[in-house]
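Residues per chain are reported as follows:
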Number of protein chains: 4
Amino acid sequence: MENLKDVQSEKDIRKVALKKVGIKDLKWPVSVMDKIQGVQNTVATLELSVKLPSDMRGTHMSRFVEMANDMKSLNPKNIELLLIQLKERLQADVAHCKIKFDYFVKKPSPVTGIMSPSNVVCTFETELSDKYNFLMTVNVPVSTLCPCSKEISEFGAHNQRATVSIAIKMDKLIWIEDIVEVAEESASSPVYSLLKREDEKLVTEQAYSNPRFVEDVVREASLKLDKLKGIVWYSVHVESMESIHNHNAFAYTENEFKFEQ
Amino acid sequence: MENLKDVQSEKDIRKVALKKVGIKDLKWPVSVMDKIQGVQNTVATLELSVKLPSDMRGTHMSRFVEMANDMKSLNPKNIELLLIQLKERLQADVAHCKIKFDYFVKKPSPVTGIMSPSNVVCTFETELSDKYNFLMTVNVPVSTLCPCSKEISEFGAHNQRATVSIAIKMDKLIWIEDIVEVAEESASSPVYSLLKREDEKLVTEQAYSNPRFVEDVVREASLKLDKLKGIVWYSVHVESMESIHNHNAFAYTENEFKFEQ
Amino acid sequence: MENLKDVQSEKDIRKVALKKVGIKDLKWPVSVMDKIQGVQNTVATLELSVKLPSDMRGTHMSRFVEMANDMKSLNPKNIELLLIQLKERLQADVAHCKIKFDYFVKKPSPVTGIMSPSNVVCTFETELSDKYNFLMTVNVPVSTLCPCSKEISEFGAHNQRATVSIAIKMDKLIWIEDIVEVAEESASSPVYSLLKREDEKLVTEQAYSNPRFVEDVVREASLKLDKLKGIVWYSVHVESMESIHNHNAFAYTENEFKFEQ
Amino acid sequence: MENLKDVQSEKDIRKVALKKVGIKDLKWPVSVMDKIQGVQNTVATLELSVKLPSDMRGTHMSRFVEMANDMKSLNPKNIELLLIQLKERLQADVAHCKIKFDYFVKKPSPVTGIMSPSNVVCTFETELSDKYNFLMTVNVPVSTLCPCSKEISEFGAHNQRATVSIAIKMDKLIWIEDIVEVAEESASSPVYSLLKREDEKLVTEQAYSNPRFVEDVVREASLKLDKLKGIVWYSVHVESMESIHNHNAFAYTENEFKFEQ
């Protein structure tokens, strides 16, 4: 085989270190740990990168894909192993991996009890330098009903679909399902894939009895996360697709911030 | 200047005519006719194309951009002139132009009367062969409140933002503003950029008094469009971001279809 | 259990039949037939709908989700069975189902032969009235190198990623993999998830030796599809993310159209 | 007028302060300072928010839209005035404003000199607490040609459209146009809306003569930004839509980071 020059390995004299160099938007079939079934097959979008010292011209992008090829079922431990290999293979001090995927939680409809899958979008953002960071974000669709609208109106109250995005760092395993529960219990009502008439009645009345601003949902989730064992950091972002506007309302906090005030 | 070969003008022997050849996703500053102010500046995404006979290898893509450079204020007449020039410059039997843009309608809030701009996304899809076709689509955000949820629940009713997409062919000028009115009057309530408390009370109660399935909104819009002078064809698509689900509901009809049944 | 009124089943007197009523944007875990492995797990976005006669107020949206719950592995036969049930359950003359999903084809890199998955986005659009229509679209990423740029330049030639979208109706089973092959062979070069240096050299030189306008790619694909047994209708759309512009170039044909000229 | 209860102003006892509360995804017509023409009309997506103390239940969302209604031409000074008013009107310690918009730079094609608009997406992210922070991001489309592919191949080299995203904090006015220049000079070649054959020849040859990895583009931009007077902080992100892959390559640095190594 001919000897092809390794341009990436050239010496670089520009004295600019790069925080991240890698690949993005790689769609990939993956399997993820599932609290109930053990494992779940899904499709992920991958971003893999390393830190590049100032004296190296480039990284070897194909090695990221080789690593993806060897990837085991997605869990914090397996991703750490992937990052260890990435650091070795690319001689890097820091390696990162970001994985976004559709995850399905099986939920019964609230009255009739019919099971169906409910989609939550999840992201794992991880970094390995001297220490290992694992940040999990779970985006949970819910329903919010406006307390102001209910209070000032003779009947009815505007309500809408909203997304509760909870990001956590943990020191023991917390399941996606646990975070979904926090998000759903903090809103006016959960949403469901399948609702028969009896279920729709309950969901409608539950939301009306339980009005919540986006501010309220963030605070309720925050109180619940404070009590959840194993969480060392969290943030909560809630965004509602206001049904009386063509724009969204949102609220955000982080657990370190919220005690400052 | 050197003589550079015109590869596109080569003879093609594969005997495959192409229905459309052109450019897409060209962002462009444009001005659009406005019923109230006369003209409105906005940003459009352009698609320009021509039919290509089987014996021509390629079209000259740069000429589409030259045409865009010469484009006057967007209205049916000016777009026809553009297509006439496109046919000439590219020696084509058929030319097409598709223009998608954000348009703003100034609306007062319903009680306090404060004016603010409200965004509707519009599309002009046009074709010039022997005859000229001009299809205008207006996507109007509205609110829908579920008649079933209201009926079966002791209190409250789920509601949500929805989009009414009305496409029309006309034989006299119909304004974007006229279509916005049809869409808003067909829904449970319009949506607004700005609502003070008194406005929010009205909008909430109005929606509750006026429950509409997506099916109802399509039918109400259809009846109104039947009466609007100047329309020779229309379709109505309504999609609501259901607040009790993580998926959408939709309904669709066209005026030629709806009488078949 | 209390008796909840069925509002959807009310008589409608507005005399407007609806072409489609249903649900959209439902994310769902599915399995799809795979030419090599037998079956492949992935995530789909579903749209399910029926025709609604003018005298029925609404459809029963929850039944679409019940049907999705019962859905078997995706293939033309199983989707037909789903539509038969949908027509029955919703007493409809016409039922539709649109399924969009990520599919992965395992491909070896061209010189080193390392296997890795390559993502193609596919759509099944189906309709059952008196007869059954099944339209399959496969969107294949490829590389195109500009013949004009190569011809007029002393060295180099601009090239870019492009998407070949082939839609077909068939009277015998044609695999996604077969359509991927047509698309890749029609372009300047296939693209790959994983390329080592020897592979990159080959792909670069192959593209340079094989310049293709979007017009050429459509025509080459068209000629190959003409010869593929089992195809009764097809269309080809090619869109390239031009590397010298901030907009795209595209070309399109359908097999019925291309002989008109 | 009746007296409607102000639910948002209720006392909150949950002891959770919120970092941000506000509105998002509000489309709005705006005008922006333009280096050449003075001012440019365009369409923006707005996010407006404030910090919320732990003892206030909610913010008054409609006031954000009132502020947007009063908004003057977008420049650092006018946005600071908007944030001062926002803090006052909402009795907040911190106010934020994020504005994303399409901006058009007029550029001549490189040989024939034909002027046409070229789209760059810009974002202003601003915060006013005790001090005022203004972060400007400019996303510039360019072309990159792979040095490795050129080196190892007998002819040709893969190239593609890429986006250079430069974010800066400044202590004197720096124009969007200045950042566009930095980005374009750091890449293998600029991209253009309109190129005639002579222009295409130049652009093709220029890119081939000037191969750049994403790593190179970040470093070249970094060196140029180091020399640009008025910049107190910057970051550079480059992402290329690889023409030989179906995924992207990227590199990133910040000026504080790059000297650490």
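A few points on the structure. (Residues numbered from 1 in each chain as written. Chains lettered and ligands numbered in written order. Predicted model: local features only at pLDDT ≥ 70, side-chain atom pairs only at ≥ 80, totals over all residues. Heavy atoms only, no water.)

Examining the overall build of chain A
Stage number 1. Scanning chain A for helices and strands turns up six helices and nine strands.
Stage number 2. Its C-alpha atoms give chain A principal-axis dimensions of roughly 80 × 45 × 35 Å.
Stage number 3. Put simply, chain A has 261 residues, and 66% of those count as buried.
Stage number 4. Sequence separation of 24 or more characterises 63% of the internal contacts of chain A that already satisfy a separation of 6 or more. (Helix = DSSP H or I, 4+ residues; strand = E, 2+ residues; numbered from the N terminus. Buried < 20%, exposed > 50% of the residue type's maximum accessible area, 1.4 Å probe, protein only. Contact = heavy atoms within 4.5 Å.)

Overview of the interface of chain A and chain C
Stage number 1. Each side of the interface is counted separately: chain A has 32 residues, and chain C has 32 residues.
Stage number 2. Together, L4(A), K27(A) and R197(A) form the three largest contributors to the area buried by chain A at its contact with chain C, with a combined 19%.
Stage number 3. At the junction of chain A and chain C, the tally comes to six salt bridges.
Stage number 4. We note a salt bridge from R197(A) to D6(C), for which the minimum N-O separation is 3.5 Å. (Buried area = accessible area lost by both parts, 1.4 Å probe. Salt bridge = Lys/Arg side-chain N within 4 Å of Asp/Glu carboxyl O.)

Digging into the relation of the copies chain C and chain B
Stage number 1. With an RMSD of 0.0 Å, the fit of chain C onto chain B corresponds to turning through 180 degrees and sliding 0.0 Å along the axis. Here the two chains are linked by the operation of a two-fold rotation axis.
Stage number 2. In this assembly the copies share their binding face: 100% of the residues contributing to the interface of chain C also contribute to that of chain B. (Least-squares fit on C-alpha atoms with pLDDT ≥ 70 in both.)

Focus: the relation of the copies chain A and chain C
Stage number 1. At an RMSD of 0.0 Å, chain A and chain C line up after a rotation of 180 degrees and a shift of 0.0 Å along the axis.
Stage number 2. Take the interface residues of chain A: 100% of them recur as interface residues in chain C, which is what a same-surface contact looks like.

Looking at the pairing of strand β1 (residues 18-34) of chain C
Stage number 1. In this sheet, β1(C) lies alongside strand β9 (residues 248-254) of chain B in antiparallel orientation, the contact comprising five bridges. Bridged to N248(B) within β1(C) is K24(C).
Stage number 2. With 13 bridges joining them, β1(C) and strand β2 (residues 38-52) of chain C adopt antiparallel strand pairing. Residue pairing in the sheet places P29(C) in a bridge with V43(C) of β2(C).
Stage number 3. The loop that links β1(C) with its antiparallel partner β2(C) comprises three residues. (Pairing = 2+ DSSP bridges.)

Brief notes about unusual backbone geometry
Stage number 1. Unlike most non-glycine residues, K15(B) shows phi in positive territory, near 60 degrees.
Stage number 2. Along the chain, K15(B) turns up in the segment before β1 (18-34).
Stage number 3. Its identity as a non-glycine residue notwithstanding, Q91(C) has a phi of 45 degrees, on the positive side.
Stage number 4. Inspection of the secondary structure assignment puts Q91(C) in the loop between α2 (76-89) and β3 (95-108).

Thoughts on the environment of E200(D)
Stage number 1. Checked against the element boundaries, E200(D) lands in helix α5 (residues 197-208).
Stage number 2. Judged by its relative accessible area of 10%, E200(D) is buried.
Stage number 3. Not counting residues up to four positions away in its chain, the partners in contact with E200(D) are C146(C), C148(C), S149(C), I152(C), H158(C), I244(C) and L195(D).

Things to note about helix α6 (residues 214-227) of chain D
All names here are of chain D.
Stage number 1. For α6, built from 14 residues, the straight-helix expectation of 20 Å at 1.5 Å per residue is met to within 8% by its first-to-last C-alpha distance of 21 Å.
Stage number 2. Counted residue by residue, α6 has 10 buried out of 14 residues, so it is predominantly covered.
Stage number 3. Taken residue by residue, α6 has V214, E215, D216, V217, V218, R219, E220, A221, S222 and L225 as its buried positions. (Expected span 1.5 Å × (residues − 1).)

Describing the interface of chain C and chain B
Stage number 1. Contact residues are listed per partner, giving 61 residues for chain C and 61 residues for chain B.
Stage number 2. The contact between chain C and chain B buries some 5300 Å² in all, and 58% of this surface belongs to carbon and sulfur atoms.
Stage number 3. Our count for the chain C to chain B interface comes out at 12 salt bridges.
Stage number 4. Along the contact surface separating chain C from chain B lie 33 residue pairs in polar contact (both at pLDDT 80 or more).
Stage number 5. Of all the elements in the fold, those that place two or more residues in the side of chain C that touches chain B are β1, β2, α1 (61-70), α3 (147-152), α6 (214-227), β8 (231-240) and β9 (248-254) of chain C.
Stage number 6. With nine residues, β1(C) is the single largest residue contributor to the side of chain C that touches chain B.
Stage number 7. Taken together, the residues of the side of chain C that touches chain B break down into 28 nonpolar, 13 polar and 20 charged. (Polar contact = N/O pair within 3.5 Å; in protein donor to acceptor, adjacent residues only side chain to side chain. Nonpolar A, V, L, I, M, F, W, Y, C, P; charged D, E, K, R; others polar.)

Quick notes on the packing of aromatic side chains
Stage number 1. Counted under the stated rule, the structure contains 20 aromatic pairs over all chains.
Stage number 2. Seen from their ring centres, F101(B) and F124(B) are 5.1 Å apart, and the 70 degrees between their planes marks the pair as edge-to-face. Separated by 23 residues along the polypeptide, F101(B) in strand β3 (residues 95-108) and F124(B) in strand β4 (residues 115-128) bring together distant segments of the chain. You'll find F101(B) and F124(B) in the same group, each marked buried.
Stage number 3. Aromatic pair F155(C) and Y208(D): ring centres 5.5 Å apart, planes at 40 degrees, arrangement tilted. Separated into two different chains, F155(C) in the loop between α3 and β6 (159-170) and Y208(D) in helix α5 make up a pair that spans both.
Stage number 4. Given a relative accessible area of 14%, Y208(D) falls into the buried group.
Stage number 5. Put simply, the rings of F101(A), Y103(A), F124(A), Y132(A) and F134(A) touch in pairs and so form one group of aromatic residues.
Stage number 6. Residue placement shows K24(C) over the ring face of F250(B); its charged tip is 4.9 Å from the ring centre. (Phe/Tyr/Trp six-rings, centres within 6.5 Å; stacked < 30°, edge-to-face > 60°. Lys NZ or Arg CZ within 6 Å of the ring centre and 35° of its normal.)

Some words on the packing of helix α4 (residues 176-186) of chain B against helix α6 (residues 214-227) of chain B
Each packed pair of helices is defined by two parameters, the angle between the axes and the distance between the axes.
Residue and element names in this part refer to chain B.
Stage number 1. One can describe the packing of α4 onto α6 by two numbers: an axis separation of 8 Å at closest approach and a directional angle of 140 degrees. It follows from the interaxial angle that α4 and α6 lie oblique. Here the hand of the crossing between α4 and α6 comes out right-handed. On the side of α4, the interface is formed by I179, V182, E185 and S186, while α6 contributes V217, E220, A221, K224 and L225.
Stage number 2. Tallied by class, residues from the contact of α4 with α6 come to five nonpolar, one polar and three charged. (Axes fitted to C-alpha atoms, helices over the stretch in contact; angles between N-to-C directions. Parallel < 35°, antiparallel > 145°, perpendicular 65-115°, else oblique. Left-handed = near helix turned anticlockwise from the far one by under 90°.)

Focus: helix α4 (residues 176-186) of chain A
Stage number 1. Most of α4(A) is tucked away: nine of the 11 residues are buried.
Stage number 2. Residues of α4(A) that are buried include every one of I176(A), E177(A), D178(A), I179(A), V180(A), V182(A), A183(A), E184(A) and S186(A), and no others.

Re the pairing of strand β4 (residues 115-128) of chain D
Residues and elements named next belong to chain D.
Stage number 1. Most of β4 sits inside the fold, with 10 of its 14 residues counted as buried.
Stage number 2. In this structure, strand β3 (residues 95-108) lies alongside β4, joined through 14 bridges in antiparallel fashion. Within β4, the position partnered with F104 by the bridge is N119.
Stage number 3. Counting the residues in the hairpin turn of β3 and β4 gives six residues, including G113, whose phi is positive at 70 degrees.
Stage number 4. Two strands pair when backbone bridges link them, and β4 and strand β5 (residues 132-145) are joined in this way by eight bridges, in the antiparallel orientation. Across the sheet, the residue bridging to E127 is N133, located in β5.
Stage number 5. Turn length for the β4-β5 hairpin, with the two strands adjacent in sequence and antiparallel, is three residues.

Examining the side chain of R161(D)
Stage number 1. Here R161(D) is to be found in strand β6 (residues 159-170).
Stage number 2. An unpaired buried charge is present at R161(D): no salt bridge exists, and E242(C), the closest side chain of opposite charge, is 6.9 Å distant.
Stage number 3. A polar atom in the side chain of R161(D) sits 3.1 Å from the backbone oxygen of E242(C).
Stage number 4. A polar atom in the side chain of R161(D) sits 2.8 Å from the backbone oxygen of H247(C).
Stage number 5. Leaving out residues up to four positions away in the same chain, R161(D) has contacts with M241(C), E242(C), S243(C), H245(C), N246(C), H247(C), N248(C), V142(D), S240(D) and M241(D). (Lys, Arg positive; Asp, Glu negative; His and termini not counted.)

Quick notes on the side chain of S222(D)
Stage number 1. Looking at where S222(D) falls in the secondary structure, it is placed in helix α6.
Stage number 2. Classification of S222(D) by relative accessible area gives buried; the value is 0%.
Stage number 3. If we skip the residues at most four places from it in the chain, S222(D) touches V16(A), Y234(D) and K258(D).

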